[in-house]
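Listed below are the residues making up each chain.
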Amino acid sequence: MMNQFPLYTFAGLAGEVTRDLGRGSICPSIIGAQTCGLVSLLTQGIADVAWPNGQRVPVGANVFLVAPSSSGKTVIFRNLMEPVEECLTAISKKQTQRAPTFLLEDVTREAILQSLRDWPVSGLFTDEAGMLKDLLRDSPTLAKLLDGTPLRNSRVSTGRIALEGHRLCMMLMEQPALFKAD
């Protein structure tokens, strides 16, 4: 029998969803990693972790999942993200003003900074992580966005942006071919 860790480590609704998804033949590690990423996204801005020295950091985990084609990562991704996207669509239909960008689609450094300026919590969730190669060149900024460190003076085409109290959570998925030399 396949090892069921981490399917039974989640409690509550996340546990029920994870166990239901785990009834098929998809590797439990793929399901667990994606559930962890989604729960992290949904808890951003609600809770922090406090270290013994009093320093606070965002709760949650960022996920980078590498699995071969047909491993089930996209199926699980869609099953987990569909209710979130439906909820966001319903919210935006009710609002008269432009809804905040909670899930990012434009992955340029500038677009992420501007989105976090307008709405302090965002998620970069994709099953095509290869499109992020350019973003990795801005790794110092990316690291600050992920750990919640304030950005005092970031340059963008419209001027400068300062961010404090922002939350960026990422779940990136890719096939192993990403790591092969071009």
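In this report, the structure presented in the accompanying data block is examined. (Residues numbered from 1 in each chain as written. Predicted model: local features only at pLDDT ≥ 70, side-chain atom pairs only at ≥ 80, totals over all residues. Heavy atoms only, no water.)

Structural notes on the environment of Ser154
Thought 1: Secondary-structure assignment places Ser154 in strand β5 (residues 151-156).
Thought 2: A relative accessible area of 7% means that Ser154 is categorised as buried.
Thought 3: Separated by 13 residues in the primary sequence, Ser154 and Thr141 place their C-alpha atoms 8.6 Å from one another. (Helix = DSSP H or I, 4+ residues; strand = E, 2+ residues; numbered from the N terminus. Buried < 20%, exposed > 50% of the residue type's maximum accessible area, 1.4 Å probe, protein only.)

Some words on the packing of helix α2 (residues 28-43) against helix α3 (residues 73-94)
Thought 1: In the contact formed by α2 and α3, the axes pass within 9 Å of each other and the chain directions differ by 25°. Here α3 runs roughly parallel to α2, going by the angle between their axes. α2 and α3 meet at a crossing whose hand is right-handed. For the pair α2 and α3, contact is made by Ile30, Ile31, Gln34, Thr35, Leu38 and Leu42 and by Lys73, Ile76, Phe77, Leu80, Met81 and Val84, respectively. (Axes fitted to C-alpha atoms, helices over the stretch in contact; angles between N-to-C directions. Parallel < 35°, antiparallel > 145°, perpendicular 65-115°, else oblique. Left-handed = near helix turned anticlockwise from the far one by under 90°. Contact = heavy atoms within 4.5 Å.)

Points about the sheet that holds strand β3 (residues 63-66)
Thought 1: Strand order in the open sheet made by the three strands is β3-β7-β4, with parallel pairing throughout. Of all the strands in the sheet, the pair left with one neighbour each is β3 and β4 (121-126). Put simply, the sheet's adjacent strands are angled 0° from each other on average, direction ignored.
Thought 2: Summarising the sheet, β3 and strand β7 (residues 167-174) pair through four bridges and their orientation is parallel. Its bridge partner being in β7, Leu65 is matched across the sheet by Met173.
Thought 3: Where α2 meets the sheet, its contacts fall on β3, β4 and β7, and the angle it forms with β7 comes to roughly 160°.
Thought 4: The sheet contacts of helix α4 (residues 109-118) involve β4 and β7, and relative to β4 the element is tilted by about 145°. (Pairing = 2+ DSSP bridges.)

Spatial relationships are all this shows, so hold off on functional conclusions.
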